[in-house]
Amino acid sequence: MSSVQASESDRPSDPTPAIETLPAPIALKDENQLGPLDTGVPSSTLHKLDLGFLPIPKHLQYDPEHPAQFSLAMNVTFGIASTFIVANLYYCQPLLSDNPLIFLVPLVEFSWSFGVTYREVSNIPTLVQAGYGIGILFITPLGDLVRRRPLLILLNIIIASLTIGLAITKNLVVFEVLSFLIGIGSVAPQILTPLPVDLAPPERRASALSIVLSGLLFGVLIARVLAGVVAQFVTWRVVYYVAIGVQCAVLVMLYWTLPDYPAKNKGFTYFGILYSMAKFTVTEPLLVQTILITIPSSACLTNWWATLTFLLGAPPVVQLLDVLVIGLFGLVGMAGVATAPLIGRMVDKLVPWSATLVAIVALLTIFAIQTAAVGLNVAVVIIICIGLDVFRQTEQVSLSAAVLGLDASARSRLNAVVILSLFIGSVMGTSVGSKVFTEYGWRADAALNLGWTAWTLGVLFLRGPHCPRYMWIGWEGGFELRKSRVVARAQVAAATELENVPGQGGQCDRKDEERDIIEEKRGPEERRCSPRESPPIQLDIDHGDAASPSSAEERGT
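Quick caveat: nothing in here was measured; it's all calculated off a predicted structure.

About the criteria used
Residue positions are given per chain, counted from 1 along the sequence in the order it is written. Only residues with pLDDT of at least 70 get local features here, since the model is predicted, and only at 80 or more are side-chain atom pairs given and counted; chain-wide, interface and lining totals rely on the full set of residues. The side-chain quantities take in all heavy atoms of the structure and omit both hydrogens and water. Aromatic rings from Phe, Tyr and Trp, taking only the six-membered ring of Trp, are treated as a pair when their centres fall within 6.5 Å; an angle between ring planes under 30 degrees marks them as stacked, one over 60 as edge-to-face, and anything in between as tilted. Numbering of helices and strands starts at the N terminus; helices are DSSP runs of H or I of at least 4 residues and strands are runs of E of at least 2. In this scheme, a residue with accessible area under 20% of its type's maximum is buried, one over 50% is exposed, and one in between is partly exposed, where area comes from a 1.4 Å probe on protein chains only. What makes two residues a contact is simply this: any of their non-hydrogen atoms within 4.5 Å. Whenever a carboxyl oxygen of Asp or Glu lies within 4 Å of a side-chain nitrogen of Lys or Arg, that contact is scored as a salt bridge.

## As for the packing of aromatic side chains
Turning to step 1, where the next piece is worked out: Under the criterion given, the structure shown has 13 aromatic pairs.
Turning to step 2, where the next piece is worked out: Each ring, one from F114 and one from F175, has its centre 5.3 Å from the other, and the planes form 65 degrees; the classification is edge-to-face. Of the two residues, F114 is situated in helix α2 (residues 107-114) and F175 in helix α6 (residues 172-185); the sequence distance between them amounts to 61 residues. F175 shares its class with F114; the two are buried.
Turning to step 3, where the next piece is worked out: Look at F461 and W475: their rings are 6.0 Å apart centre to centre, the planes differ by 15 degrees, and that puts the pair in the stacked class. Of this pair, F461 sits in the loop between α19 (442-460) and β4 (471-473) while W475 sits in the loop between β4 and α20 (483-499), and the two are 14 residues apart along the sequence.
Turning to step 4, where the next piece is worked out: For F461, a relative accessible area of 37% gives the class partly exposed.
Turning to step 5, where the next piece is worked out: Through successive ring pairs, a cluster of aromatic residues spans Y91, F114, F175, W236 and Y240.

## A closer look at the side chain of N75
Turning to step 1, where the next piece is worked out: Here N75 shows up in helix α1 (residues 72-86).
Turning to step 2, where the next piece is worked out: Its relative accessible area of 3% is what places N75 among the buried residues.
Turning to step 3, where the next piece is worked out: Not counting residues within four places of it along the chain, the set of residues in contact with N75 comprises F70, P196, S207, A208, I211 and V212.

## A word on the pattern of salt bridges
Turning to step 1, where the next piece is worked out: In the structure shown here, the tally under the stated rule is 10 salt bridges.
Turning to step 2, where the next piece is worked out: Between R413 and D144 there is a salt bridge, and its shortest N-O distance comes to 2.9 Å. With a gap of 269 residues between them, R413 in helix α18 (residues 411-440) and D144 in the loop between α4 (124-138) and α5 (148-168) connect regions that are remote in the sequence. Like R413, the residue D144 is buried in the burial classification.
Turning to step 3, where the next piece is worked out: R147 serves as the salt-bridge partner of D260, at 3.2 Å between the closest nitrogen and oxygen. With D260 in the loop between α10 (237-257) and α11 (270-283) and R147 in the loop between α4 and α5, the pair connects residues that are 113 residues apart, well separated along the chain. The pair formed by D260 and R147 is uniform in burial state, with each residue classed as buried.
Turning to step 4, where the next piece is worked out: Sharing partners across several salt bridges, the network here consists of D50, R147, R149 and D260.

The structure is reproduced here in structure tokens:
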């Protein structure tokens with residue numbers, strides 16, 4: 001099959017071998033040790049303080065000889081931190097809407113508190129999301145430039161401090177500015193996400209990543225539920241007082257559990273990091289493919305949840321449900337959180353491409369059901385809610401695991417690009433989906449999701465599961481979907497190649513040893529007078545044929 005490859009000028013100066021499943025793992029000092037790469041940082045330059053004044057607990061200081069061990073407890077800690085940091089983006093949403101889907105309270109209380117109109121306070125969620133987008137673009141790449149532990153601690157201190165202002169201010173402009181800044185600082189989970197991929201062994205990367213990504217999803221749910229429930233009984237300001245306490249708890253947890261690691265790219269500049277991030281989007285075929293899949297897929301997810309409000313409020317569904325039951329639909333998203341460990345294990349056993357294929361085919365089936373019957377029966381709504389969360393999570397884990405494996409020194413930048421594509425898709429899904437639903441109805445909106453998902457399937461099939469890294473279109477390398485078979489095949493190929501490399505204990509070395517033995521058996525006079533038989537032996541080496549010791553000895557004598 002013909003293929004299209006990236007031009008030589010687009011490739012990095014340092015050639016990288018083809019990527020098949022996940023790229024080669026970071027080298028460990030001991031293959032059984034689940035620790036980071038020894039970066040060779042002199043012990044005299046190791047850090048003992050965060051931010052210049054905050055002591056790092058001794059057991060968390062970076063030690064090249066005894067690096068921190070990656071564990072399930074550490075992984076869960078990362079997931080919990082991601083949950084409550086990302087929740088800052090969504091506390092305001094239940095406080096600003098009259099939609100019963102997310103446990104909402106009357107909008108009038110919020111607008112009365114600031115003495116403004118409903119339209120003015122409705123700008124707050126937009127500002128939070130705008131700040132988040134800016135933070136992804138300009139803050140997340142710092143994970144590839146500076147030490148991540150002090151960066152994460154600093155961001156959490158800033159978020160907790162700004163949240164105090166949200167709870168006490170009585171000025172809407174101040175509230176909006178603080179919300180915008182909190183959106184920027186809430187990208188800490190995106191800096192944290194590549195860390196388990198750095199630390200986990202290759203066979204557990206997807207599992208480790210799935211726990212952190214499920215924490216992000218859980219953060220969206222818990223923020224909406226917590227804010228809605230608390231505000232039903234007390235003033236909305238209590239929601240932010242609770243958020244202050246939660247942020248302080250996360251800060252303490254990270255301080256005592258987050259290991260310190262050296263900066264990855266010493267010598268790089270901030271603008272150099274940003275430039276390289278932009279360059280990845282035009283020189284990495286796998287990353288471009290992921291973007292083209294992620295944007296429409298994310299749009300489908302947000303389109304569904306944005307228009308679900310309209311769907312549940314229309315006959316015949318609305319006659320079957322009361323407000324509380326409608327509100328409980330927001331908790332169906334827990335299915336994606338609950339199945340995260342299973343999803344991660346499945347992706348770990350498959351080539352990431354094949355896990356993405358399974359997810360897309362399942363999503364096509366779900367949206368076909370939506371197009372056919374979602375407006376007719378509430379049971380169909382429940383099935384779609386669960387299936388969409390589970391298989392969208394599967395798709396995201398498999399795509400992220402593959403992309404983050406491209407370059408170990410650029411994982412924060414690669415993750416930032418993926419999250420930006422998610423962000424773009426969310427905006428597109430909400431705006432386009434709402435317009436289609438209100439103007440053409442639920443069936444047309446469902447068909448839109450079906451079309452977007454069909455597009456992702458076409459994009460996936462442009463590159464096969466083992467397509468070389470810099471090939472844009474093609475299926476070279478076959479279509480084996482099981483990672484165990486691919487890894488076994490690669491190991492055999494590597495062992496075969498090693499046998500023919502001098503100095504690596506291969507066939508050539510055995511011939512050299514045989515020749516030395518023969519020379520030792522000869523006497524001094526014999527070695528000086530008799531003709532050397534090295535040419536025939538050299539000929540055997542060139543042809544890769546192994547000469548037996550007995551035949552070699554006969555020729556020598």
